[in-house]
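# Structural overview
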Amino acid sequence: MRKIIFATGNKDKLKEIREIAAKFGFEVESMKDAGYDLDIEENGSTFAENALIKAREICLASGEITMADDSGLVVDAMGGRPGIYSARYMGKDTSYRIKNAAIISELKDVEDEKRTARYICAIATVFPDGRVLQAEEPFEGRIAYEEKGSNGFGYDPIFYLPEYGKTAAELAPEEKNAISHRGKALRKMEAMLQELSDRGEL
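Residues numbered from 1 in each chain as written. Predicted model: local features only at pLDDT ≥ 70, side-chain atom pairs only at ≥ 80, totals over all residues. Heavy atoms only, no water.

## Digging into the pairing of strand E1 (residues 2–6)
- Judged from the five bridges that link them, E1 and strand E2 (residues 26–30) form a sheet pairing that is parallel. Looking at the pairing, Lys-3 lines up with Glu-27 of E2.
- Of the crossover connections in this fold, the one passing from E1 over helix H1 (residues 11–21) to the parallel E2 is right-handed.
- Summarising the sheet, E1 and strand E3 (residues 65–75) pair through three bridges and their orientation is parallel. Counted as the bridge partner of Ile-5 is Thr-66 from E3. (Pairing = 2+ DSSP bridges. Helix = DSSP H or I, 4+ residues; strand = E, 2+ residues; numbered from the N terminus. Right-handed = clockwise from strand over helix to strand, strands pointing away.)

Pasting the structure below:
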């Protein structure tokens, strides 16, 4: 079976990617399982650049098709922070409960309509022959006034969805995947892979 390496150690992301890749006869391995425990410097200025940096480095090292994603939370009232530094915001080892509390505190005097925020997910697929596929999708919401919900991870407990009347952490996993930044970006990437497959170029 042909192989795709996914440059992540996140089990939830791997599960999603494996379900898509299986449709095209690909087996997905994490970069660690494939024997690549590299400390990749994500020095891009956008989510798309960082996803491409990760995918290119592992593709170059492995000679295999490689996929990577970069995602994070962009808060308008905070000038776009934490943005591409979302995972490292306030320190890599700082808990999300502390990060979420800090964001809520910073926005304590900001009114509803100015609490707009979005998750962004960028995915890059790099082929050994140099071809690159890229997809990027947002997930719009607002910053809540308190943490709510125990599903999801990261900033989900403070990411409020007005049309649902709940946070992303209060959604069932299948509900979230249907509308989330990662779910949408993965479906866009799946469509690109399908187009290559239909042309016999995958």
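After presenting the structure, the write-up continues.
## What about the pattern of salt bridges?
- All chains considered together, the criterion is met by 14 salt bridges.
- In this structure, Arg-97 and Glu-147 form a salt bridge, with 2.9 Å as the shortest nitrogen-oxygen distance. Of this pair, Arg-97 sits in helix H3 (residues 96–106) while Glu-147 sits in the loop between strand E5 (132–143) and strand E6 (159–161), and the two are 50 residues apart along the sequence.
- Classification of Arg-97 as exposed rests on a relative accessible area of 61%.
- Overall, the relative accessible area of 26% leaves Glu-147 in the partly exposed class.
- Taken together, the shared-partner salt bridges connect Glu-42, Lys-54 and Asp-70 into one network. (Salt bridge = Lys/Arg side-chain N within 4 Å of Asp/Glu carboxyl O. Buried < 20%, exposed > 50% of the residue type's maximum accessible area, 1.4 Å probe, protein only.)

## What to know about the nonpolar core
- Counting residues in hydrophobic clusters, the biggest one holds 21 residues, and the most contacted among them are Ile-4, Val-28, Met-67, Ile-123, Met-189 and Leu-193.
- Breaking this core down by element, the ones donating at least two residues are E1, H1, E2, E3, strand E4 (116–126), E5 and helix H5 (181–198).
- Take this core: its biggest share by element is five residues, from H5.
- When residues no more than four places from it in sequence are discounted, the contact partners of Ile-4 are Ala-21, Phe-26, Glu-27, Val-28, Glu-29, Ile-65 and Met-67. (Core = buried A, V, L, I, M, F, W, Y, C linked by side-chain atoms within 4.5 Å. Contact = heavy atoms within 4.5 Å.)

## Observations concerning the packing of H1 against H5
- Remark: H1 packs on H5, axes separated minimally by 11 Å, with the N-to-C direction vectors making an angle of 30 degrees. Between H1 and H5, the angle is such that the two are roughly parallel. In terms of crossing hand, the pair formed by H1 and H5 is right-handed. Where H1 abuts H5, its residues Lys-13, Glu-16, Ile-17 and Ile-20 lie against Arg-182, Leu-186 and Glu-190. (Axes fitted to C-alpha atoms, helices over the stretch in contact; angles between N-to-C directions. Parallel < 35°, antiparallel > 145°, perpendicular 65-115°, else oblique. Left-handed = near helix turned anticlockwise from the far one by under 90°.)

## Focus on the packing of aromatic side chains
- As enumerated under the stated definition, the model contains four aromatic pairs in all.
- Residues Tyr-96 and Tyr-155 carry aromatic rings whose centres are separated by 5.0 Å and whose planes lie at 90 degrees to one another, so their mutual orientation is edge-to-face. Here Tyr-96, found in helix H3, pairs with Tyr-155, found in the loop between E5 and E6; they are 59 residues apart in sequence, far enough to count as distant.
- For Tyr-96, a relative accessible area of 30% gives the class partly exposed. (Phe/Tyr/Trp six-rings, centres within 6.5 Å; stacked < 30°, edge-to-face > 60°.)

## A few points about the environment of His-181
- Residue placement: His-181 occurs in helix H5.
- By relative accessible area, which is 4% here, His-181 ends up buried.
- Separated by 62 residues in the primary sequence, His-181 and Tyr-119 place their C-alpha atoms 6.3 Å from one another.

By themselves these figures say nothing about function.
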